[in-house]
Amino acid sequence: MDFKIMIAGEIASALDIAFGNAPLSADEIAGLLELPPDSAMGDYAFPCFKLARSLRKAPPMIAGELVKVINADFLSRVEAVGGYLNFFIDKALYASSVIGEVLDKGEKYGSSDMGAGKTICIDYSSINIAKRFHIGHLSTTALGNALYKIYSFLGYKCVGINHLGDWGTQFGKMIAAYKHWGSREMVEQGGVQALSDLYVKFHAEAEKDPSLDDEGRAWFKKIETGDEEAISIWQWFKDLTLKDANRVYDMLGVKFDSYAGEAFYMDKMGPVIEELREKKLLKESDGAYVVDLEEYGMPPCLIIKSDGATLYTTRDLAAAFYRKKTYDFTKCLYVVAYQQSLHFRQLFKVIELMGHEWAKDMEHVEFGMVSYEGQALSTRHGHVIYLEDLLNRSIEKARAIIDEKSPNLEDKDGVARKVGIGAVVFFALSAGRIKDIDFWWDRALNFEGETGPYVQYTYARCCSVLGKAPANLPDADYSTLDDAEAQDIVRLLEQFPKLVKEAAQRNEPSLITRYTVDLAQAYNKFYYEHRILDCEPATSAARIAITKAVRNVIGTGLTLIGVEPTEKM
């Protein structure tokens, strides 16, 4: 039963009866229905303020008239409070309907086919070649992976793109550093860490000897012109980096459909630049070519530098056209930190000025910065926390906690891996994406706080209860789920499908992260207040059913944000 639609229909009918007309349609009324902040105020509330002008009556008077004529079997009562109508659904019907749907749909509860036939490109992670995967890439990777899962859950075809940072002067500097202080043996043994060390050394030495920067630029010029040695070293650095990064992606359970980076678009910029010229959007400025965006409150968008070189923006333009042609996307999302806001506003505006209406389908999914226990990160100066190290340390800490609290647990290593990695991902997605993240161990791995381990522990608790449940039970008596604790759970379960859609609409996985905490807290309160297994059989059946529903939805919620549930902890 869709109680929201049913209540909206009752209100529309009541308006006809009480006032002779319904100024709002049932669909419009459904859109205005609210969830009261406290279940004591009802399951749904309708604000009558929107009707005041058309009905020429005060909202409290409208509510008072409507409450007299609303009488539906699925409602236990309706109250007029101020300018609101508060609706109380019959508790037994409410519980049986919601829990029944959750159990019937199983892991598909909350899913949808709303995205059928539509494609979404998601550009995320976008690691840099010759640099180790560090904590600064945690947000984009976790956010992009969660959005990929959420949109797929809603029926969209998703294309995950790792737009590799594999082009630019820094690669000339890397080769110069390698030539000065490195060797093939050193790099093969040290991997990307050796390359990172060389990168740090280059900048330290360049501060003392600026001619090194010229040397770096010269090596990059060789890459651009296809010099065999330069290309060979560059490709070697790229292979080493992807091998290193894939270890981390495997730990996180992250996969991509495309690794097309900046270099991939080098031969695809020409047609875009030519179109800009044909449409008279390119203007010369001190030898460079720009698109003037002053009219739109932005500085000029630089397309070609005065020395004829292209830029990140030029390659992003080529990438956008390639993605539209190749995937015909409904949406193209760029999961990139908020510092790049101007870049994407310029990018989208240039495509719009070129006359392509699909510019409106491109969106910058911005997020805040990541720091570690109060310290900012800088790869250039060597102050960085590598993500693989962070994940391994988190697994070790989780294992230590398990050894202390659950010494007899089976598969301690497997559970520690799920809890440790889950804690990091959950922490990254626990706040609104635009907020900066400061990673602290005691917060991320707390089993009592609003954390991944707490939610995973609740999932395991549900599994434990269900594992002890008798095989043969009578039909559930849902009228016994009339207590405040059970009803709070039912309300949360009912909200899950809507919440998943809202998370997609806002590109905000933290809504699901927060929801799993709320549901876990509600269930734990229910667990402590009520006996589940050793009570009257029909009551026990109802409480086992609600436990199973909670387990299913917590499991789905965790999976959607990229956290593995664990059946034992």
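Preceding this section is the structure that the text describes.
Residues numbered from 1 in each chain as written. Predicted model: local features only at pLDDT ≥ 70, side-chain atom pairs only at ≥ 80, totals over all residues. Heavy atoms only, no water.

1. So, the overall build of the chain
Each helix and strand counted, the chain has 20 helices and 12 strands in total. Once the C-alpha set of the chain is aligned to its principal axes, its extents read approximately 85 × 65 × 40 Å. Out of the 569 residues belonging to the chain, those deemed buried represent 54%. Sequence-distant contacts, at least 24 apart, represent 74% of the contacts inside the chain between residues at least 6 apart. When the accessible surface of the chain is summed, it comes to about 25,400 Å², and 48% of that surface belongs to carbon and sulfur atoms. (Helix = DSSP H or I, 4+ residues; strand = E, 2+ residues; numbered from the N terminus. Buried < 20%, exposed > 50% of the residue type's maximum accessible area, 1.4 Å probe, protein only. Contact = heavy atoms within 4.5 Å. Areas by Shrake-Rupley, 256 points an atom, 1.4 Å probe, with all protein chains shown as cover.)

2. Re the side chain of Thr-458
Position of Thr-458 among the secondary structure elements: in helix H17 (residues 452-468). Judged by relative accessible area, Thr-458 falls into the buried class, the value being 0%. For Thr-458, the side chain forms a polar contact with the main-chain oxygen of Tyr-454, separated by 3.0 Å. Reaching out from Thr-458, the side chain makes a polar contact with the side chain of Asn-524 at a distance of 3.1 Å. Residues in contact with Thr-458, not counting those within four places in the same chain, are Ala-520, Tyr-523, Asn-524 and Ile-554. (Polar contact = N/O pair within 3.5 Å; in protein donor to acceptor, adjacent residues only side chain to side chain.)

3. A word on unusual backbone geometry
For Ala-130, which is not glycine, the phi dihedral falls at a positive 75°. A residue is classified by how much of its surface remains accessible, and Ala-130, at 0% relative accessible area, is buried.

4. A few points about the nonpolar core
Note that soluble globular proteins tend to have their nonpolar side chains buried in a common cluster. In terms of nonpolar packing, the biggest core is built from 163 residues, with Phe-87, Ile-99 and Leu-493 touching the most fellow members. With near-sequence residues (within four places) excluded, Phe-87 lies in contact with Ile-7, Ile-11, Gly-42, Asp-43, Tyr-44, Phe-46, Ile-70, Leu-75, Arg-77 and Val-78. If you look at the next biggest cluster of nonpolar residues, it comprises 35 residues, including Met-269, Val-272, Leu-317 and Met-362. (Core = buried A, V, L, I, M, F, W, Y, C linked by side-chain atoms within 4.5 Å.)

5. Quick word on H17
The end-to-end C-alpha distance of H17, which contains 17 residues, comes to 25 Å, matching closely the 24 Å that a straight helix rising 1.5 Å per residue would cover. Burial analysis of H17 places 13 of its 17 residues in the buried class, which makes it a mostly covered element. (Expected span 1.5 Å × (residues − 1).)

6. A few points about the sheet that holds strand S3 (residues 84-89)
Strands sit in the order S1-S3-S2 across an open sheet of 3 strands; the sheet is antiparallel. Every other strand in the sheet has two partners, leaving strand S1 (44-47) and strand S2 (75-81) as the edge strands with one partner each. Between one strand and the next, the sheet's axes are offset by a mean angle of 20°, whatever the strand orientation. Summarising the sheet, S2 and S3 pair through 6 bridges and their orientation is antiparallel. Across the sheet, residue Glu-79 finds its bridge partner in S3, namely Asn-86. (Pairing = 2+ DSSP bridges. Axes fitted to C-alpha atoms, helices over the stretch in contact; angles between N-to-C directions.)

7. Let's talk about the pattern of salt bridges
In this structure the tally under the stated criterion is 32 salt bridges. Between Arg-132 and Asp-389 there is a salt bridge, and its shortest N-O distance comes to 3.5 Å. Pair noted here: Arg-132 is in the loop between strand S4 (119-123) and helix H6 (138-153) and Asp-389 is in helix H14 (residues 387-405), with a separation of 257 residues, a long-range link. Residues Arg-217 and Asp-214 are paired through a salt bridge, measuring 2.5 Å at the closest nitrogen-oxygen approach. Highlighted residues: Arg-217 and Asp-214, both in helix H9 (residues 211-224), separated by 3 residues, approximately one helical turn. Overall, the relative accessible area of 45% leaves Asp-214 in the partly exposed class. (Salt bridge = Lys/Arg side-chain N within 4 Å of Asp/Glu carboxyl O.)

8. Remarks on the sheet that holds strand S7 (residues 288-291)
Hydrogen bonds between backbone atoms are what pair the strands of a sheet, whose relative direction is either parallel or antiparallel. Here we have 3 strands laid out as an open sheet, ordered S6-S7-S8, and antiparallel in their pairing. One side of each edge strand has no neighbouring strand; the edge strands of this open sheet are strand S6 (282-285) and strand S8 (301-304). Adjacent strand axes in the sheet meet at a mean angle of 45°, parallel and antiparallel pairs treated alike. As paired strands, S6 and S7 are joined by 4 bridges and run antiparallel to one another. Bridge assignment links Leu-282 to a residue of S7, and that residue is Val-291. Contacts from helix H11 (residues 270-278) reach S6, S7 and S8 within the one sheet, and its direction differs from that of S8 by about 120°.

9. Overview of the packing of aromatic side chains
In total, this model carries 26 aromatic pairs according to the counting rule given. Relative to Tyr-94, the ring of Phe-3 lies with its centre 5.5 Å away and its plane at 80°, an arrangement referred to as edge-to-face. Of this pair, Phe-3 sits in helix H1 (residues 3-19) while Tyr-94 sits in helix H5 (residues 91-105), placing them 91 residues apart in sequence. The residues Phe-3 and Tyr-94 share a single accessibility class, namely buried. Centre to centre, the rings of Tyr-178 and Trp-236 are 5.5 Å apart; their planes meet at 75°, and the pair counts as edge-to-face. Note that Tyr-178 is positioned in helix H7 (residues 169-181) and Trp-236 in helix H10 (residues 228-252), a separation of 58 residues in sequence. (Phe/Tyr/Trp six-rings, centres within 6.5 Å; stacked < 30°, edge-to-face > 60°.)

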